[in-house]
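Structural features, examined
Below, each chain spelled out in residue letters.
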Amino acid sequence: MSNDFLQMHLKAVMSCLVIFLYKVHTTKAGQFFSSGHTNNWAVLVCTSRFWFNYRHVANTLSVYRSVKRLGIPDSHIVLMLADDMACNYRNPRPATVFSHKNMELNVYGDDVEVDYRGYEVTVENFLRVLTGRLPPSTPRSKRLLSDDRSNILIYLTGHGGNGFLKFQDSEEISNMELADAFEQMWQKRRYNELLFIIDTCQGASMYERFYSPNLMALASSQVGEDSLSHQPDLAIGVHLMDKYTFYLLEFLEEVHPASQANMNDLFKVCPQSQCVSTPGHRTDLFQRDPGSVLITDFFGSVRKVEITKDTINLTSPVEPPIQRSGSGDIQIESLTYVDQLPVAEIIHQKPKQKDWHPPDGFILGLWTLILLVFFQTYGIKHLKHIF
Amino acid sequence: CDSRLPLTFTPAPAPAPARDQFQEELVIRPLHSGDIYASFQFRTLWDTDFLQERQKKVSHYRLFPKSLGQVLSKFSVRELHISFTQGFWRTMQWGQPFIPSPPGAELWVWFHHTVSDVDGNWKELTNVLSGIFCASLNFIDMTNTVQPSASFKPLGLGNATDHRFLRYATLPREIVCTENLTPWKKLLPCGSKAGLAVLMKSEKLFHSSFHSQAVHIRPICQDEQCTSKAWELRQTLNVVFDHYTSGQGKKEWSLFKMFSRTLTEACPLASSSKVYVDITDNPELFELSPATHLLSRAVVLGDRRTYSVYDLTRAETFGQLRSFNLLLRWKGDNMLRPLLHAERYVAGFGLQTGEIHTVIYNNHPYRAFPVLLMDSVPWYLQLYVHTLTVTSKSRDNKPSYIHYQPAKDRHRPHLLEMLIQLPPHSMTEVTVQFERALLKWTEYTPDPNHGFYVGSSVVSALVPSMVAMSTNFTQDQPLFSSFVPVKEESSYFVRVYTEPLLVNLPTPDFSMPYNVICLTCTVVAVGYGSFYNLLTRTFQVDEPSPPLAKRLANFIRRIRGVPLLA
């Protein structure tokens, strides 16, 4: 009896052990794909125009610099700058945008690719980039080609208010439009997880209306508070950065591709003592625990490598070019250059044949009116004399 | 880390002999005002057929950039010229540039005669190029594209020139900055890592009076007999450094001062890599070190110039320190008068009418020559062609050829082309009056008070040359002297761009809709609201309640049975 009992106990323990080991094995494999994303994208937007909004361009470029440094390539970054500060005629140091006073750090750098610039940064273009509804001739560098396994970082900066963000001093985007755009992205499965950061006055109002899953949002100030700028540079003459992004840049400079810093550290960036405004965040729509989300899940492009032991056949792609046959079928007469200013030819140029277009509506209408009046006056019986 | 993928590898056939070659050169020309003009020219020659006339589709690219090759074959482009310029070329102070360009962005393309829908190809081509060069070229559409009828003949090989396949557009507002230089540098075979391109640091290049980068693609002769053609991709970068802003006021220049770098090696993929310094005015004007015995004489822009040549493919150019730095020091001053010069300005006052004046100067003492003036004016400046006058030396000068295409509102700009004979030593003035249009309120840019730009006029001319030029096309000529094909010995072809114009259009007050809504709502609320209340509300007289003392007194009186107070 005790033997059976012992045996049962042993079997129970053994099965428990087996189940436990199996679980450990699957969680290890599960953790391998726990973040669920395979590629990273970033959409960085500066919405302000004019020289005195230098700091917004510097904000966007510092996030661009961090994101590039941590591994996201230019082809996966959509950078939108509403005005050009680096080569602005008022910039005493051309081709530079500084983030620290005394010109310590040039965030513009030597290797920058801006996808949307100047007048192209509009609410319409921004929403089209997010939802993917672009005209067919748009080049690849201007598209957000994300799929359902992409983690996207969206950063907006500019002048904003309670529930809106101003684009180029002439139009605005509301928080409802933004929330709807994200919902469209979710329904078309254009993202796996999305991190939304906004650095404007009353920034928290922009993420109030989000309702799609897997969204995490950070803002530089609460509703009713203003986000303040950091420090001016006396040589350049304008404020260089906003406080929130300045401390965000300092935080990101410490992060490297293998770093294990997580989102809870990001939420602590720029407390009220440094920022004067209270940064806010929203994680209720996000499914994972923010403490387990790495910074590099959004800011970097850490690829996971799958090792395979299968054989893959590679064939040489270079085709031998067809050799030109000797002198058989090639034209032997020599080719000539065109005369750049053939005066005699130009003077005697015949007027070029205009393509015939059918008469447009005005002419047709005029003739119809004339014919109507004619038949009205003289009666329909004259028709047979004409035809 | 080792890869664990076992591969099976089929041996490749022997690689085909390379049919593409790359040459790079830098020309430095000291200017008389103390400024210095540096022109980089990178040329890739490739013997292939993009337009698929005989071969299969091209898929293997070596030195020629794949992005441009695909653009050429997809849109059947015969010739493509695109330039991005910051600043304006001052002809009177600096002479003529090797390759001229207008401020902003300029794109002109000759399509192949097999193309059926040129406008569709043009629209897609501008979008693709805007992605390649990170520029807003997608703003080029039918409202700023013209089809010149006599200017902009192809610079490459060809016989048929039907102008229906030519499209020309400029964006004078386009800003040029590092984001345009980065993809431009990536098109070079060595990138910015080796050769002359290491000198291209944006912080120095954009801190200059003039900066222009361009890409020119055209078919050219492969050899002297010109029996076969090859594609030439020429990337040029012209920059003029001002000795006040970047030279600290001293008339002394070195490669390190100009570019904050020195040269350490030639591009390994280049078949020739040379630096030319214009020493025609040496030794009275400036002195050059390190000295070299290699000299080259070339006829450039109608003048015979002498150049010191430094060959970077030879190791001894770099000396002991393995780095090459030029030093130029000025000694004297000399004035230069270019033969052809043009300027343009807007006259008039107010926001309704104005007048465009284009002034062309012919500084040759005794020779007259023809120029072709091309003007492309946007539709919102409505030109009155009956007020067009051309005067030289205060007498009327009738052009021998005029082509005018009027604008169509929101559809097409004005195009005016005239062939004018310039009398010697004279000033010719072309004036035309215009009226400014009122745009629809959605058509204004976010900063309409800045003004609206009108693109530069193009003056193309055959200027008489002071020395005879050779019409033979050899491969040994330096690149900067062989851009424009020479057809006759006594004159050379030159193109001069005028300044772009900045015109203010009548701008509405954009806050008015908001003001009107506020005012109307206030008037309606106050006026109608109170009238409505007056008509629909009934009034009742209401007795006020008596004070506490009186109420208490009345209460006591009621108890006593005495009559109450009022």
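Each chain carries its own residue numbering, running from 1 in the written order of its sequence. As a convention, the first chain written is A and the first ligand written is 1, with the rest following in written order. Per-residue local features are limited, in this predicted model, to residues with pLDDT of at least 70; the limit for side-chain atom pairs, both in listing and counting, is 80 or more; totals at the level of whole chains, interfaces and linings are taken over all residues. With hydrogens and water stripped out, all remaining heavy atoms of the structure feed into the side-chain values.

The name given to chain B in an unreviewed UniProt entry is Phosphatidylinositol glycan anchor biosynthesis class T, with Sinocyclocheilus grahami as the source organism.

Counted only if it meets this: UniProt positions are given in the numbering used here, feature names are shortened, and annotations may be inferred rather than shown by experiment.
Per an unreviewed UniProt entry, chain A goes by GPI-anchor transamidase and derives from Sinocyclocheilus grahami. Annotation of chain A in UniProt includes, under Pathway (unreviewed entry), the sentence "Glycolipid biosynthesis; glycosylphosphatidylinositol-anchor biosynthesis." The UniProt entry for chain A carries this comment under Subunit (unreviewed entry): "Heteropentamer. Part of the GPI-anchor transamidase complex, consisting of PIGK, PIGT, PIGS, PIGU and GAA1. Interacts with GPAA1. Interacts with PIGT; this interaction, via a disulfide link, stabilizes the expression of GAA1 and PIGK and links them to PIGS."

Some thoughts on the UniProt feature "transmembrane region" (unreviewed entry) in chain A
Operational definition: Segments assigned H or I by DSSP are reported as helices when at least four residues long, segments assigned E as strands when at least two residues long, and all are numbered from the N terminus.
When the UniProt feature table is mapped onto this chain numbering, "transmembrane region" (unreviewed entry) sits at residues 361-380 of chain A. The straight-line gap between the two end C-alpha atoms of residues 361-380 of chain A is 25 Å; of that span, 90% is helix and 0% is strand.

A short note on the interface of chain B and chain A
Applied cut-off: Contact between two residues is taken to exist if any of their heavy atoms lie within 4.5 Å; hydrogens are not considered. When a carboxyl oxygen of Asp or Glu lies within 4 Å of a side-chain nitrogen of Lys or Arg, that pair is called a salt bridge. Side-chain atoms alone can form a polar contact between residues adjacent in sequence; in general such a contact is a pair of N or O atoms within 3.5 Å, and within protein one must be able to donate a hydrogen while the other accepts it.
Contact residues are listed per partner, giving 76 residues for chain B and 60 residues for chain A. Measuring nitrogen to oxygen at the nearest pair gives 3.1 Å for the salt bridge that ties A:R49 to B:D447. One can count 23 residue pairs in polar contact (both at pLDDT 80 or more) joining chain B with chain A. Looking at which element gives the most residues to the side of chain B that touches chain A, the answer is helix α4 (residues 178-186) of chain B, with 6 residues.

Details of the domain arrangement of chain B
Residues and elements named next belong to chain B. Going by this rule: Start and end points for every domain follow an automatic or database-based domain assignment. Computed with a 1.4 Å rolling probe, the buried area is the accessible surface lost when two parts are put together, summed over both parts.
If you check the domain split of chain B, you get domain 1 (21-330) and domain 2 (340-503). Placing the centre of domain 1 and that of domain 2 at their C-alpha centroids yields a distance of 24 Å. Contacts between the two partners involve 51 residues from domain 1, matched on the other side by 47 residues from domain 2. For the pairing of domain 1 and domain 2, the buried interface totals around 4,200 Å² over both sides, and the portion due to carbon and sulfur atoms is 63%.

A short note on helix α4 (residues 175-187) of chain A
Residues and elements named next belong to chain A. Spelled out, the test is: The span expected for a helix works out to 1.5 Å for each residue beyond the first. For the exposure calls, accessible area comes from a 1.4 Å probe over protein chains only, and a residue counts as buried if that area is under 20% of its type's maximum, exposed if over 50%, partly exposed in between.
Given a rise of 1.5 Å per residue, 13 residues ought to cover 18 Å, and the 18 Å separating the end C-alpha atoms of α4 matches this to within 8%. Listed as buried for α4 are N175, L178, A179, A181, F182, E183, M185 and W186. Buried positions along α4 lie against α3 (123-131), β4 (150-157), β7 (171-174), β8 (193-199) and β9 (215-219). Immediately beyond the C-terminal end of α4, within one or two residues, lies R189, with a positive phi of roughly 55 degrees.

So, the nonpolar core
Rules: Here, nonpolar core refers to any group of buried Ala, Val, Leu, Ile, Met, Phe, Trp, Tyr and Cys residues whose side-chain atoms link them within 4.5 Å.
Grouped together as the largest cluster of nonpolar side chains are 164 residues, with contacts concentrated most on A:L61, A:L195, A:L266, A:F299, B:F111, B:L255 and B:L263. Counting residues domain by domain, this core receives three or more from each of domain 1 (21-330) and domain 2 (340-503) of chain B. In this structure, A:L195 is in contact with A:I152, A:L153, A:I154, A:M216, A:L218, A:M263, A:L266, A:F298 and A:F299, ignoring residues within four places of it in sequence. A:V45, A:L165, A:L178 and A:A179 belong to the second largest nonpolar core, which has 39 residues in total.

What to know about a nonpolar patch on the surface
Applicable threshold: Residues forming no salt bridge and having over 30% relative accessible area are the ones grouped into patches, like charges within 9 Å of each other and nonpolar side chains (Val, Leu, Ile, Met, Phe, Trp, Tyr) within 5 Å. Reported accessibility uses the Shrake-Rupley method at a 1.4 Å probe radius. Residues are deemed covered only where the shown protein chains occlude them.
Together, A:F362, A:I363, A:L366, A:W367 and A:I370 make up an exposed nonpolar region whose accessible area comes to about 530 Å². A:F362 sits in the exposed class, given a relative accessible area of 61%.

Examining the side chain of A:E120
In this fold, A:E120 is placed in the loop between β3 (116-117) and α3. A relative accessible area of 1% means that A:E120 is categorised as buried. A polar side-chain atom of A:E120 sits 2.8 Å from a polar atom in the side chain of A:K142. With near-sequence residues (within four places) excluded, A:E120 lies in contact with A:D115, A:N125, A:K142, B:S136, B:N138 and B:F139.

As for the sheet that holds strand β5 (residues 159-161) of chain A
Residues and elements named next belong to chain A. Heads up, the condition is: When DSSP finds two or more bridges between a pair of strands, those strands are recorded as paired. An axis is simply a line fitted to the C-alpha atoms; with a helix, the fit covers only the stretch in contact. Between two such axes, the angle follows the N-to-C directions and lies from 0 to 180 degrees.
As summarised here, the arrangement of the 3 strands in space is β5-β6-β7, forming an open sheet in which the pairing is antiparallel. The open sheet is flanked by β5 and β7, the only strands paired with a single partner. Averaged over all pairs of adjacent strands, the angle between strand axes in this sheet comes to 30 degrees, irrespective of strand direction.

Some remarks on the UniProt feature "active site" (unreviewed entry) in chain A
Residue and element names in this part refer to chain A. The UniProt entry lists H159 and C201 under the feature "active site" (unreviewed entry), expressed in the numbering used here. In three dimensions, the annotated residues from a span of 43 residues occupy one location, with a maximal C-alpha spread of 6.5 Å. Following the sequence through the fold, H159 ends up in strand β5. The exposure class of H159 is partly exposed, given its relative accessible area of 27%. Only 2.9 Å separates the side chain of H159 from the side chain of N53, close enough to count as a polar contact. Relative to the helices and strands, C201 is located in the loop between β8 and β9. Look at C201 and you get buried, because its relative accessible area is 19%. Each residue touching C201, except ones within four places of it in the same chain, is listed here: G160, G161, S221, E225, D226 and S227.

Details of the state of the cysteines
Simply put, disulfide is the name for a covalent bond between the sulfur atoms of two cysteines. Formally: Here, a disulfide means two cysteine sulfur atoms that sit within 2.5 Å of each other.
Counted according to the given criterion, the structure contains 3 disulfides over all chains. Across the disulfide from A:C87 sits B:C177; the S-S distance is 2.1 Å. Judged by the torsion about the S-S bond (80 degrees), the A:C87/B:C177 disulfide is right-handed. Separated into two different chains, A:C87 in the loop between β2 (77-81) and β3 and B:C177 in the loop between β7 (166-171) and α4 make up a pair that spans both. At a sulfur-sulfur separation of 1.8 Å, the disulfide partner of A:C270 is A:C275. Disulfide A:C270 to A:C275: torsion about the S-S bond roughly 95 degrees, handedness right-handed. The exposure class assigned to A:C275 is buried, which follows from its relative accessible area of 1%.

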